[in-house]
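Observations on chain architecture
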Amino acid sequence: MTKSELKALALSLPKAELHLHIEGSLEPELMFTLAKRNGIRLSYASVEEIRQAYQFQNLQEFLDLYYQGMSVLQTEQDFYDLTWAYLQRIHQEGVVHTEIFFDPQGHLERGISLETQIQGIHKALVNGRSELGISFKLIMSFLRHLSEQSAFETLALAMPWLSVIDGVGLDSSEVGHPPEKFTRVFAKCRELGLRVTAHAGEEGPPEYVWQALDLLKVQRIDHGNRALEDSALVAWLVEEQIPLTMCPLSNLKLCVIKDVADHPILRSLEMGLLVTVNSDDPAYFGGYMMDNFNALIDALPLTEDHVRQLAKNSFVGSWLSAETDHSKPNPK
Ligand code: ADE
Ligand code: ZN
């Protein structure tokens, strides 16, 4: 197959997105609209100026702008509009299931209630399911640069919302904030029946991936690039078929890789790892699901089998129950 045929195939296959921060889908145009609506002054004069500012040397440089950008999200309608815009976009790309993160602490510390956040996001997700046929899971992510106590306080606030929260994650500044810091709060989350995942091995060492598995007992690893530095860890991830939710354009923009040609996803596939393609923070990193697939197809010698495997892995690695499994062949 030619590269354009592979891209057409990738577009046509049903896909699930498993690693997406909803606040990272805030496009500069919507940021401006919401700033105006809420009377917030942005430190940028134009949409072009915002896009030009999106040059990052590392994760922290991105996070600084990401937390600043989310300050325009004030009302339930803002969270709804943000989520709805993302759903409409992925609907055009063959994404039929999405498992999205939100960062409650990034809003609570600005005085925005959990109710405002969850109601806006969840109403849009429910609407997307009925109008666009996109199924979903909602993942509440703890900010790892904050304390264990802050994570416990956030979990306490989330208790009335557990019927709409499917799982918890761990994100933000990785190095210096190992998973072990959150062992007790993740144990509590598991006790409550929540599913668990964590960012690990994006900038942090393989040891952080081990900790996420052994101490947090996560069901998947978000990113996981640096797991490939540890052969015993790779063997374990292959044996247990732990999903790794990889994000090629994010890795490029945050200088985790120098070139998409260096991305470990193809090597990972060939080693039998359960890797998936995701967009992470598409408004900041230059693209949604298909931009990520297309970049991989352009840069790496992917075959038709690889493309089909990646689409299939996205459902295998998801938290969907069997009855809504879109990876099953369509009977018609
Ligand atoms: N928050 C949003 N995107 C993130 C990423 N790629 N890594 C860690 N925290 C994040
Ligand atoms: Zn992420």
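Below, the structure is looked at part by part. Please read these numbers as outputs of a predicted model, since none were measured by experiment. (Residues numbered from 1 in each chain as written. Chains lettered and ligands numbered in written order. Predicted model: local features only at pLDDT ≥ 70, side-chain atom pairs only at ≥ 80, totals over all residues. Heavy atoms only, no water.)

Counting its secondary structure elements, the protein contains 16 helices and eight strands. Taking 332 residues into account, the globule formula puts the C-alpha radius of gyration at 20 Å, and the protein, at 19 Å, falls close to it. Along the first, second and third principal axes, the C-alpha atoms of the protein reach 50 × 45 × 40 Å. For the protein, buried positions account for 57% of its 332 residues. The contacts of the protein with a sequence gap of at least 6 include a subset with a gap of at least 24, amounting to 76%. For the protein, the accessible area works out to roughly 13300 Å², and carbon and sulfur atoms hold 51% of it. (Helix = DSSP H or I, 4+ residues; strand = E, 2+ residues; numbered from the N terminus. Rg over C-alpha atoms; globule rule 2.2 N^0.38 Å. Buried < 20%, exposed > 50% of the residue type's maximum accessible area, 1.4 Å probe, protein only. Contact = heavy atoms within 4.5 Å. Areas by Shrake-Rupley, 256 points an atom, 1.4 Å probe, with all protein chains shown as cover.)

Considering all chains together, one arrives at 11 aromatic pairs under this definition. Aromatic side chains Phe62 and Tyr66 sit 5.1 Å apart centroid to centroid with 45° between the ring planes, which places their arrangement in the tilted category. Highlighted residues: Phe62 and Tyr66, both in helix H4 (residues 59–69), separated by four residues, approximately one helical turn. Between Tyr66 and Tyr284 the ring centres are 6.1 Å apart and the planes differ by 70°, which places this aromatic pair in the edge-to-face class. Residue Tyr66 is located in helix H4, and its partner Tyr284 is located in helix H14 (residues 282–285); the two are separated by 218 residues in the primary sequence. (Phe/Tyr/Trp six-rings, centres within 6.5 Å; stacked < 30°, edge-to-face > 60°.)

Inspection of the secondary structure assignment puts Lys137 in strand S3 (residues 135–143). One buried charged side chain, Lys137, makes no salt bridge at all; its nearest oppositely charged neighbour is Asp166, positioned 4.3 Å away. Setting aside its immediate chain neighbours within four residues, Lys137 contacts His97, Thr98, Glu99, Ile100, Asp166, Trp319 and Leu320. (Lys, Arg positive; Asp, Glu negative; His and termini not counted. Salt bridge = Lys/Arg side-chain N within 4 Å of Asp/Glu carboxyl O.)

Moving on to the coordination of the zinc ion (ligand 2). Those donors, His19 (NE2), His21 (NE2), His199 (NE2) and Asp280 (OD), are the protein atoms that reach the zinc ion (ligand 2), and they lie 2.0 to 2.2 Å from it. One way to put it: the four donor atoms around the zinc ion (ligand 2) meet at angles of 82 to 173°, and that makes the site irregular. Here the donor residues for the zinc ion (ligand 2) map to a single chain with the spacing H-x1-H-x177-H-x80-D. One end of the pair, His21, is in strand S1 (residues 15–21); the other, His199, is in strand S5 (residues 195–200), and 178 residues separate them in sequence. There is no split in this pair, since His21 and His199 are both buried. (Donors = N, O, S within 2.8 Å, 3.2 Å for Na, K, Ca; no water. Tetrahedral: all angles 85-135°; square planar, octahedral: opposite > 155°, others 65-115°.)

Here we come to the sheet that holds strand S8 (residues 274–277). Strand order in the open sheet formed by eight strands is S1-S2-S3-S4-S5-S6-S7-S8, with parallel pairing between adjacent strands. Each edge of the sheet is formed by a strand with only one pairing partner; in this case those strands are S1 and S8. Within this sheet the neighbouring strands show an average axis-to-axis angle of 25°, counted without direction. Bridging between S1 and strand S2 (residues 95–102) involves five bridges; their strand directions are parallel. Counterpart to Glu17 in the pairing with S2 is Thr98. This element, helix H10 (residues 206–214), spans S5 and strand S6 (220–223) of the sheet and lies at about 170° to S5. (Pairing = 2+ DSSP bridges. Axes fitted to C-alpha atoms, helices over the stretch in contact; angles between N-to-C directions.)

Of note in this structure, Ser172 is not a glycine but carries a positive phi near 85°. Within the fold, Ser172 resides in the loop between strand S4 (167–171) and helix H9 (183–191). Here Gln241, not a glycine, exhibits a phi torsion of approximately 50°, which is positive. One can find Gln241 in the loop between helix H11 (231–240) and strand S7 (243–246).

Looking now at the pattern of salt bridges. Summed over all chains, the structure comprises 13 salt bridges. The partner of Asp78 in a salt bridge is Arg37, with the nearest N and O atoms 2.7 Å apart. Of this pair, Asp78 sits in helix H5 (residues 76–91) while Arg37 is found in helix H2 (residues 28–37), placing the two residues 41 residues apart along the sequence. Take Arg37: its relative accessible area is 42%, and that puts it in the partly exposed class. As a salt-bridge pair, Glu93 and Arg89 come within 3.1 Å of each other at their nearest N and O atoms.

Another point: the site of ligand 1. Close to ligand 1 lie His21, Leu59, Phe62, Leu63, Tyr66, Asp171, Ser172, His199, Glu202, His223, Asp280 and Asp281, which account for all nearby residues. Between ligand 1 and Glu202 there is a distance of 2.8 Å, counted from a nitrogen atom to a side-chain nitrogen or oxygen. In this structure, a nitrogen atom belonging to ligand 1 sits 3.3 Å away from a side-chain N or O atom of His223. Protein contact buries 100% of the 260 Å² of open area that ligand 1 shows by itself. According to the grid-proximity analysis, the pocket containing ligand 1 is the largest cavity. Residue contributions to the shell around ligand 1 peak at four residues, all from H4. (Near = heavy atom within 4 Å. Polar contact = N/O pair within 3.5 Å; in protein donor to acceptor, adjacent residues only side chain to side chain. 1 Å grid on protein atoms, 1.4 Å probe; cavity = no way out; pocket = protein on both sides within 12 Å on 5 of 7 lines; lining within 4 Å. Sits in = over half its atoms within 2 Å of the grid points.)

Keep in mind that these numbers describe shape and distance, not what the molecule does.
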